[in-house]
Amino acid sequence: MRIFPKDMKEIILTIDGSKVTVPEGTTVLEAACSAGIYIPTLCSDEGLEPYGACRMCIVEIDGIKGLPTSCTTAVSDGMTVRTDTEEVNKVRRMICEMLIADHPADCLSCSSNQKCELQKVASYLGVTQQRLEKTKRESILDNSNPFFGRDLSKCILCGRCVRACREIRGVGAIDIAGRGDASHIATITDVPISESVCESCGECVDRCPVGALAVKTEILPPTREVKTLCPYCGCGCGLVLGVRGGRIVSIRGDTDNVVNRGSLCVKGRFGLDFVGAHDRLTTPLIRRNGKLEKASWAEALELVASRFREIKDKAGPDALAGFSSAKCTNEENYVFQKFMRAVLGTNNVDHCARLCHASTVAGLARAFGSGAMTNSIGEIEHADCIFVTGSNTTEAHPVIALKIKAAVQKHGASLILADPRRIDLARFAALHLRQRSGTDVALLNAMMNVIISEGLGNKDFIASRTEGFEEFKKSVEDAVPERAAEITGVPADLIRQAARMYAKAQRASIIYSMGITQHTTGTDNVLALANLAMITGNLGKESTGVNPLRGQNNVQGACDLGALPDVYPGYQKVDDPAIKKKFEDAWGGSLSEKPGLTLVEIMNAAAEKRVKGLYIMGENPMLSDPNLNHVKEALEHLEFLCVQDIFLSETAQLADVVLPAASFAEKDGTFTNTERRVQMVHKACEPPGEARQDWEIICELAARLGYAMPYRAPSGIMAEIASVTPIYAGISFDRLEENGLQWPCPDRSHPGTAVLHQAKFPCGKGKFHPTPFREAAELPDEQYPYLLTTGRYLYHFHTGTLSRRSAGLEIISPSAPFEINPGDAAREGVVEGDLVELATRRGVVRARAVLTERSPAGTIFMPFHFKEGAANMLTNDALDPVAKIPEFKVCAVRVSKLNP
Amino acid sequence: MQTNDRQAIQQIFSGYQGQRNELIPILQDVQGAVGYVPREAMTKIAHFLNIPESSVYGVVTFYAQFYLTRQGKHKIRVCQGTACHVRGGRRIMQAVEKKLGIKPGETTADYKFSLERVACFGSCALAPVMVVDGKAYGRITSQKAEKILESLN
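## Concerning unusual backbone geometry
Piece 1. In this structure, Pro744(A) follows Trp743(A) across a cis peptide bond, with omega equal to 0°.
Piece 2. Positionally, Pro744(A) belongs in the loop between β30 (741-742) and β31 (766-767).
Piece 3. Here the bond from Ala127(B) into Pro128(B) is cis, since omega is -5°, no more than 30 degrees from zero.
Piece 4. Here Pro128(B) shows up in the loop between β2 (113-118) and β3 (130-132).
Piece 5. Phi angles above zero are rare outside glycine, and Asp133(B) is one such case at about 45°.
Piece 6. Inspection of the secondary structure assignment puts Asp133(B) in the loop between β3 and β4 (135-137).

What follows is the structure, given as structure tokens:
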């Protein structure tokens, strides 16, 4: 059902003798549906524009000639509708009979049997026999996609797939081709779907009313279904896992989930093979004589506890460190950091957020007092202007990209894209600013220079809600667009247009991600975006704000629950004596007031043997961290490394003890998505072998170290979280089943907070920070002439530990590529598919060339998912001075073609 | 597609704004310049108009006037409408098929001839009718048809 504004005029009409009241603009079909009246239909579907193709929803309406389709007829006051007359049903039966005459009707062996909507309509209309002569059609099968098959002979041309692909996904891989009885669903020139622009999201398969599109692996239906959350990115999409015999046999989007309303990307819908993978860890492993061998839980836990105790006694608690996991639940992250702090006695706990959004947390905390997405995902669709920078949203946050596309396609919003690469969103952008990587501050300062000098700022907001404006204003006085044009390569006029477009919008939303944060100027980049939102007053209102998209399913939660070296859960400072006292009272014993080391600092300390013992839960620094040669050296220098994971990852292979853990599908708990929404994760199946819940393993270790953590279930852990974490104080499992809750949620009656900073900022007034432009730490030179930038592909996730266990995803995206501009490739004598050596001052990898205009001249792009061509062998571990985030997005690289 | 075809397409685009309602005139211009609408041209048009390439294909396949393959130098159309059918249109078609060695919708290997069947030219008084490169020949016989084909080079 569409959502209408609250003040919409109400219309009263009569349907089949009953009075029905609906908002103006509702269709007759929707009105009947809301009154519980069934009208058969085949082409109408949730979220798609009315189409009127199947003619099945025809009704009689007094005063309207003929039989109008109820899906395309808007209600009007006093309308009288009859949906179930003999005349109407006679025509419907005829349409149905013609459809069936042109349909194989091989229901007994069709995978859509019982789910088929044509079957349902035929049954409702009482069409039992095939009265009309059957058409003869060749079976046209397209099995080229690894996940789903297309059988066009079963197609009824309702157009749902075409419309879903275009209207909802903004892709348009298919359309109706031909004319008359030759009409059919086609890709361009009827090539197999795998050769089209299809992104394999499966939205079309989900919406096909018959069996023309079917998931290849869904043969037997599940015996039960479990609602949970997708384990990939930070969107937080709801999943419904179908389980049969303890295994996942079907996956669909949860249409009740407020985040995704049933939509998923290829990874969520088809990429969960890893849960049932044959190489899951099933027993603990202990290194004996240099080899990892199977061991019992008692043996392994005792060894870990005794080694941690030894190191602590010998070298002090700060010789120990732990990496928590943005893939684990909130409850597990809470227990992990509590273990590090209360049991081992160190604040040396961090996780991969250091590598993605540390600069967001640092920057937004300084500007606003809180480092998270200010607004909600659903609001994006209703912004007038969306400024996306440093986010390849289509590939990294596919379902959030749908909201951006909808804002542009359905509601006419203007999209400003600032990204060096010509990413997919460029198709939807009114303006595309291709700044040189690492010059974001110069670009943003120039936009603000224009806004201030042209008087487009929001003076009331600046006066009443912010401080430090005058000093800031001086800092951008010289940042004229012409100067920025020289630095960034973006024409001055384009910078002016972008500034005006953003400033003049009623509701402008900033969306950014790692293209902003992963720089040595990451904190400045974030502060500059905060400045931009503040001078235009785009904060504290719906569809505005500064919105960092978080990378992992629960990276927001891992930060919220204190898996950071300087804060307890809820961003409470470890060096604040009152806070320390509160946690000492809650946890018992004394805690360290000394902020711990950050992730890259822990690696450096390990290399220098200051950190001797490391406990890693669900992370793979051997692929995810910058400068991998250095990471390997650091891990090898450790006296003791314990890795808790679901697979023997590149990092686990170096461990002294490996502990087998449960995957998301085998857990209860909560994840917090990028819009601060705490949602429920439900257990669908049992962990394999002896694998155990992460929180249970930590509790066992704590017990062996003499500290009782007597939790019985994740719900009890959440109760403890709520008692010590003000922003989570009102959260408990019983409140989360429907739509979850967005923090801050200070008490049990609080409905959660969709928009932050509505009346004031947590730090009182918003603070402007001048951000003078600085260059990246390493720039191209004669020796290393190209700029290397890294990022994600749609088809894989992070280090590939999960996504690369999907056979289908591996077929679509099999090996390590790098992207190079055709002009640069010609200069280097490189052609498409060439194996090329890429070298930086830190390492060398080999990868295959992809020639594309997506890469600007002089820039090479490499995804970091592939161990056989690991981008992070090349990346620079230079750090942002404030947030300690490494500069993944800029370094200098050399390209040399290998002799064949 | 050849370099000069690509240049011709760029030249055609320069006369348009990039609005989606320009699709059909652009397709007509491209076919005029290239002789048909190659796949690469459809992709270029899709990017120019910012519409899905599958939609361009949908329009191209909807209208009989657009061709997806390179056409012959001479276009032979034989009417199979009611009047021509009654007066032996089918025999004319068979004769032409035999002479050229192709079926309707096909083009000879030397790209000299393309053959099409048409439902009616509106010249029923002249039935049976064959149209060659836009010129109509009425009251035609198999022999006359063959002679006309032979006279073309």
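The discussion continues.
## Examining the confidence of the model for chain B
Piece 1. In the predicted model, chain B carries a mean pLDDT of 93, and the fraction of residues at 70 or more is 100%.
Piece 2. Overall fold confidence for the complex sits at a pTM of 0.91, while the interface term, ipTM, reaches 0.87.

## Some remarks on the sheet that holds β2(B)
Residues and elements named next belong to chain B.
Piece 1. Reading across the sheet, the four strands line up as β2-β1-β3-β4 and stay open at both edges, with mixed pairing between neighbours. If you trace the sheet from one side to the other, it starts and ends with β2 and β4, each paired once. Neighbour to neighbour, the strand axes of the sheet diverge by 20° on average, direction disregarded.
Piece 2. Sheet topology note: the β3/β4 ladder contains three bridges and is antiparallel. By the bridge assignment for β4, Val131 is matched with Ala136.
Piece 3. Strand contacts of helix α6 (residues 89-100): β1 (74-79), β2 and β3, with the helix running at about 150° to β1, the strand carrying the most contacts.

## What to know about the packing of helix α2 (residues 23-34) of chain B against helix α4 (residues 53-62) of chain B
Residue and element names in this part refer to chain B.
Piece 1. Where α2 contacts α4, the axes come no closer than 11 Å and their chain directions differ by 70°. What the angle tells us is that α2 and α4 run roughly perpendicular. On α4, the residues touching Leu23, Ile24 and Leu27 of α2 are Val56, Val59 and Val60.
Piece 2. Looking at the contact of α2 with α4 residue by residue, the classes come out as six nonpolar, no polar and no charged.

## Observations concerning the sheet that holds strand β9 (residues 213-215) of chain A
Residues and elements named next belong to chain A.
Piece 1. The strand order across the open sheet built from three strands is β5-β6-β9, with neighbouring strands paired in antiparallel fashion. The outermost strands of the open sheet, each flanked by one partner alone, are β5 (141-142) and β9.
Piece 2. The pairing of β5 with strand β6 (residues 148-151) spans two bridges and is classified as antiparallel. Looking at β6, one finds that Asp142 is bridged to Arg150.

## Regarding the domain arrangement of chain B
Piece 1. Partitioning chain B into domains gives domain 1 (3-62) and domain 2 (74-151).
Piece 2. Using only C-alpha atoms to locate each centre, domain 1 of chain B and domain 2 of chain B end up separated by 30 Å.

Definitions and cut-offs
Residues numbered from 1 in each chain as written. Chains lettered and ligands numbered in written order. Predicted model: local features only at pLDDT ≥ 70, side-chain atom pairs only at ≥ 80, totals over all residues. Helix = DSSP H or I, 4+ residues; strand = E, 2+ residues; numbered from the N terminus. pLDDT = per-residue confidence, 0-100. Pairing = 2+ DSSP bridges. Axes fitted to C-alpha atoms, helices over the stretch in contact; angles between N-to-C directions. Contact = placed C-beta atoms within 7 Å. Parallel < 35°, antiparallel > 145°, perpendicular 65-115°, else oblique. Nonpolar A, V, L, I, M, F, W, Y, C, P; charged D, E, K, R; others polar. Domains from an automatic or database assignment.

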